[in-house]
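Letter by letter, the chains look like this.
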Amino acid sequence: MSRPEAEVAASEGPRKVVEDATCTFCGCVCDDIALVVQGNRIVEAKNACVLGKAWFLGHHAQDRPACLVQGKPAAMEEGLARAAEILVRAKYPLVYGLSDTTCEAQRKAVAIADWIGGTVDTTTSVCHGPSGMGFQAVGEVTATLGEVRHRGDLVIYWGGNPAESHPRHFTRYTLMPKGMFLPRGRKDRTCVVVDVRRTKSAKAADMFIRITPRKDFEALWTLRALAKGVSLDAARVETETGVPLATWQDLMDHMKRARYGVLFFGMGLTMTRGKHLNSEAALALTRDMNAYTRFVCKPVRGHGNVTGADNVVSWSTGYPFGVNLSRGYPRFNPGEYTATDVLARREADAALIIAADPMLNFCQAAREHLASIPYVALDPQETLTTRSAAVAFTTAPYGICAPGTVYRMDDVPITLRPALESPYPSDYEVLCRLEERVRHAPL
Ligand code: SF4
């Protein structure tokens, strides 16, 4: 190191390495990251993929007040008092977000929703909500990613592109690793991708099946029929699915021959025509396959702790998302109690938004209504949502600065090892203080 470099390094503070840090950028939640920290900056993220590196290295100290009331800097106590007032006075408050924060914070958010008789919903309602409904209808034959790594010799991806959205899904869990029962790694596995377009993931597959858009249900039902030995009209199958019956039969033969089959499905399945019926079809097919061999099924989840949100809301209320607590007991009804619908119908009169940006990605009617009501927002960054909030709290980013627990997409809880300190409180700390105020506020 040259002398000026050494001086810069010294001036930036001591260097340390945080081993086994956890990346919370996507649902893979890789917990083998070695973070090199220089002063108060992460300068290297070993083992992280390109998305993970951008997540860690892109973290910069914020220059924002910890609390803003009506866009003006305010003391935390003032912000908390105003936030509690907004939520307690509301007749139909909405609590939304939660997929990019810790389970501890999620639990507090559900408690607040309970105290104020609100509706609690998470970003699951706009991604894998149909899967949550499918699990309730059909059940889930499931496994951990560790089990898939060691046993999965047939891996099917349906309606997803993990090569770009979850870059280490292949390399850490499903295709490349050498497993206990798959000593040659990739050579011992067969990979099938089913999608409506040839993605980067399709290029990594041994078999790519391109189906007609919006025909996932018909395709999955074709496989269910073949699993049961039902004879099908070849011309009709090809017309309906865009794929010859012989190709489906070939896939079914692979599925029956597999020692351990895995079906991963993404939003290409859950957010197309059929929605929860598609998820149910995938889950039912997996169940059918267990008459022949071991077969499991998992949704590929996006946000770092969206699986934690499902778990926490489920264990707290009995339902995974879209839960109304206004009657003192939980009611679940997607479409009625999901955030976009509650806002677009102009029902909510206040909101608490945690680690989400609905002003960026909700439909126009929902955004317009959200902008017209008082709401509280917690986020490490300035976003469109925090900008219009009546009260905005800047919080420490989870995993990088804030400790806690997150759930990997296979429902395995993982402890965070934050590398940096933050001048801001965590979501959990803010929500604890807010819950205290809400709980003791006069109604
Ligand atoms: S795959 Fe996901 S969790 Fe793993 S390092 Fe990449 S972005 Fe982070």
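Residues numbered from 1 in each chain as written. Predicted model: local features only at pLDDT ≥ 70, side-chain atom pairs only at ≥ 80, totals over all residues. Heavy atoms only, no water.

J.: Explain the pattern of salt bridges here, please?
T.: Close approach of charged atoms lets side chains of opposite charge pair. A complete count under the given rule lists 22 salt bridges for this structure. Here Asp310 and Arg301 are joined by a salt bridge, their closest N and O atoms 2.7 Å apart. Both residues of the pair, Asp310 and Arg301, belong to the buried class. Each of the salt bridges in this network shares a partner with another, and the network as a whole consists of Asp31, Asp32, Arg168 and Arg172. (Salt bridge = Lys/Arg side-chain N within 4 Å of Asp/Glu carboxyl O. Buried < 20%, exposed > 50% of the residue type's maximum accessible area, 1.4 Å probe, protein only.)

J.: Would you mind going over the side chain of Asp310 with me for this structure?
T.: Tracing the sequence through the fold places Asp310 in helix H15 (residues 306–317). Sequence-distant contacts of Asp310, that is, excluding residues within four places in its chain, are made with Thr122, Thr124, Arg301 and Pro320. (Helix = DSSP H or I, 4+ residues; strand = E, 2+ residues; numbered from the N terminus. Contact = heavy atoms within 4.5 Å.)

J.: What should I look at first to understand the site of the ligand in this one?
T.: The immediate surroundings of the ligand are formed by Cys23, Phe25, Cys26, Cys28, Val29, Cys30, Ala48, Cys49, Leu51, Gly52 and Arg168. The residue inventory of the shell around the ligand, partitioned by class, reads nine nonpolar, one polar and one charged. (Near = heavy atom within 4 Å. Nonpolar A, V, L, I, M, F, W, Y, C, P; charged D, E, K, R; others polar.)

J.: What is the right way to look at helix H14 (residues 276–289) in this model?
T.: Think of an α-helix as turning once every 3.6 residues; residues three or four places apart then point the same way. A rise of 1.5 Å per residue sets the reference length of H14, with its 14 residues, at 20 Å; its end C-alpha atoms lie 20 Å apart and thus fit the reference within 8%. The element H14 is largely enclosed, with a buried count of 11 among its 14 residues. Regarding H14, the residues found buried are Asn278, Ser279, Glu280, Ala281, Ala282, Leu283, Ala284, Leu285, Thr286, Asp288 and Met289. Packing partners of the buried residues in H14 comprise helix H5 (129–138), helix H10 (216–227), helix H12 (245–257), strand S11 (260–265), helix H13 (267–270) and strand S12 (294–299). (Expected span 1.5 Å × (residues − 1).)

J.: Explanation requested: the domain arrangement of the protein chain in the structure shown.
T.: When the parts of a complex come together, some accessible area is lost, and that lost area is often taken as the interface size. According to the domain assignment, the protein chain consists of domain 1 (5–56), domain 2 (67–127 + 304–401 + 422–439) and domain 3 (129–299). The centre of domain 1, based on its C-alpha atoms, is set 35 Å off from the matching centre of domain 3. Across the boundary between the two partners, domain 1 contributes 11 residues, which contact eight residues of domain 3. For the domain 1 and domain 3 pair, buried surface summed over both sides reaches about 730 Å², with 61% attributable to carbon and sulfur atoms. (Domains from an automatic or database assignment. Buried area = accessible area lost by both parts, 1.4 Å probe.)

J.: Help me understand the environment of Ala225, please; the structure alone is not making it clear to me.
T.: Its location among the elements puts Ala225 in helix H10. On the basis of relative accessibility, which here comes to 13%, the residue Ala225 falls in the buried class. Expressed as a C-alpha distance, the spacing of Ala225 and Met252, which sit 27 residues apart in the sequence, is 10.0 Å. For Ala225, the contacting residues outside a window of four places in its chain are Val230 and Leu232.

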